[in-house]
Amino acid sequence: MTQYPDVNHGTVKGVPIKEVIKDERYLREEFVTKVQKRGGEVLTHRKISSVMSAAQAIKDHIKNWLHGTPEHEFVSMGVYSEGWYSVPKDIFFSFPVKCRNGTFEVVTGLKIDEFSESKIRNTADELIAEKEEALGLEGNNE
């Protein structure tokens, strides 16, 4: 699983994540692993399924989409790629978006460092492979 939480543009109570957590190694290694395995972490520590966490995320997603994001903020939303941030077209991928009146607009122009770019590329490659497998296209050279 290559899911990658990019912390470069996130904040904690309005403070950039990298100012709150000043440990680059932790953010690039342990934090990424924790996010990738968070469903299992919830189950291990709370002894309950992570379904409610997923349900909360869906609720927040729909709320932002329908009611809009705060004026100077954006959220991450899984949308059909049109090639933003070098992510190939025609796959669903998480992008920074602003929402208004039930529509969304991808926030473009954010600086993506080399480390994040490689992680994003790995995630996109994994999603394309999964899409091809689901459509029965993997290994089909016709």
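Residues numbered from 1 in each chain as written. Predicted model: local features only at pLDDT ≥ 70, side-chain atom pairs only at ≥ 80, totals over all residues. Heavy atoms only, no water.

A.B. asks: Just checking my understanding: could you explain the overall build of the chain for this structure?
C.D. replies: Check the secondary structure of the chain and you find six helices and five strands. Taken from N to C terminus, the helices and strands of the chain fall in the order β-β-α-α-α-α-α-β-β-β-α. For the chain, the spread of C-alpha atoms along the three principal axes comes to 50 × 40 × 35 Å. Every one of the 142 residues in the chain was classed for burial, and the buried ones make up 20%. Considering only intrachain contacts with a sequence separation of at least 6, the fraction spanning at least 24 residues in the chain is 48%. As presented, the chain carries roughly 10,300 Å² of accessible surface, and 53% of it is formed by carbon and sulfur atoms. Between the mean site of the 19 positive side-chain charges and the mean site of the 23 negative ones, the chain shows a separation of 8 Å. (Helix = DSSP H or I, 4+ residues; strand = E, 2+ residues; numbered from the N terminus. Buried < 20%, exposed > 50% of the residue type's maximum accessible area, 1.4 Å probe, protein only. Contact = heavy atoms within 4.5 Å. Areas by Shrake-Rupley, 256 points an atom, 1.4 Å probe, with all protein chains shown as cover. Lys, Arg positive; Asp, Glu negative; His and termini not counted. Charge placed at Lys NZ, Arg CZ, Asp CG, Glu CD.)

A.B. asks: Got a minute to help me understand the environment of Lys59 in this structure?
C.D. replies: Summarising the element assignment, Lys59 is placed in helix α5 (residues 51-67). A sequence separation of 26 residues divides Lys59 from Thr33, and the C-alpha atoms of the two residues are 25 Å apart.

A.B. asks: Sorry, what's going on with the pattern of salt bridges here?
C.D. replies: When charged atoms on two side chains of opposite charge get close, those side chains can pair. Scanning all chains against the criterion turns up six salt bridges. Of the charged contacts in the structure, one is a salt bridge between Glu117 and Arg121, with a shortest N-O distance of 3.7 Å. Taken together, the residues span about one helical turn, with Glu117 and Arg121 both in helix α6 (residues 114-134) at a distance of four residues. Judged by relative accessible area, which is 39%, Glu117 ranks as partly exposed. The structure contains a network of salt bridges with shared partners spanning Lys18, Glu24 and Arg28. (Salt bridge = Lys/Arg side-chain N within 4 Å of Asp/Glu carboxyl O.)

A.B. asks: In this structure, what is going on with empty space enclosed by the protein? I would like to understand it.
C.D. replies: Picture a little ball the size of a water molecule; that probe, rolled over the atoms, points out where space is still empty. Enumeration over the complete set of coordinates arrives at one cavity of 30 Å³ or more. In this structure, the largest cavity encloses a volume near 50 Å³. Surrounding the largest cavity, Tyr4, Val7, Asn8, Lys18, Glu24, Leu27, Arg28, Asp113, Phe115 and Ser116 form its lining. Secondary-structure elements contributing two or more residues to the lining of the largest cavity are α2 (24-28) and α6. In terms of residue count, α2 provides more of the lining of the largest cavity than any other element does, three residues in total. Looking at the lining of the largest cavity residue by residue, the class counts come to four nonpolar, two polar and four charged. (1 Å grid on protein atoms, 1.4 Å probe; cavity = no way out; pocket = protein on both sides within 12 Å on 5 of 7 lines; lining within 4 Å. Points joined across faces, edges and corners; volume = space filled by probe spheres on them. Nonpolar A, V, L, I, M, F, W, Y, C, P; charged D, E, K, R; others polar.)

A.B. asks: Explain the packing of aromatic side chains to me, please; I cannot follow it from the model alone.
C.D. replies: One pass over the full model with this rule turns up five aromatic pairs. A centroid spacing of 5.0 Å and a plane angle of 55° characterise the contact between Tyr80 and Phe92, whose relative ring orientation is tilted. Placement of the pair is Tyr80 in strand β3 (residues 75-80) and Phe92 in strand β4 (residues 92-100), with a sequence separation of twelve residues. The class for Phe92 is exposed, based on a relative accessible area of 57%. Members of the aromatic cluster, joined through ring pairs, are Trp84, Phe93 and Phe95. Across the ring face of Phe115, the terminal group of Arg28 is positioned such that the distance to the ring centre comes to 4.2 Å. (Phe/Tyr/Trp six-rings, centres within 6.5 Å; stacked < 30°, edge-to-face > 60°. Lys NZ or Arg CZ within 6 Å of the ring centre and 35° of its normal.)

Geometric values such as these leave the question of function open.
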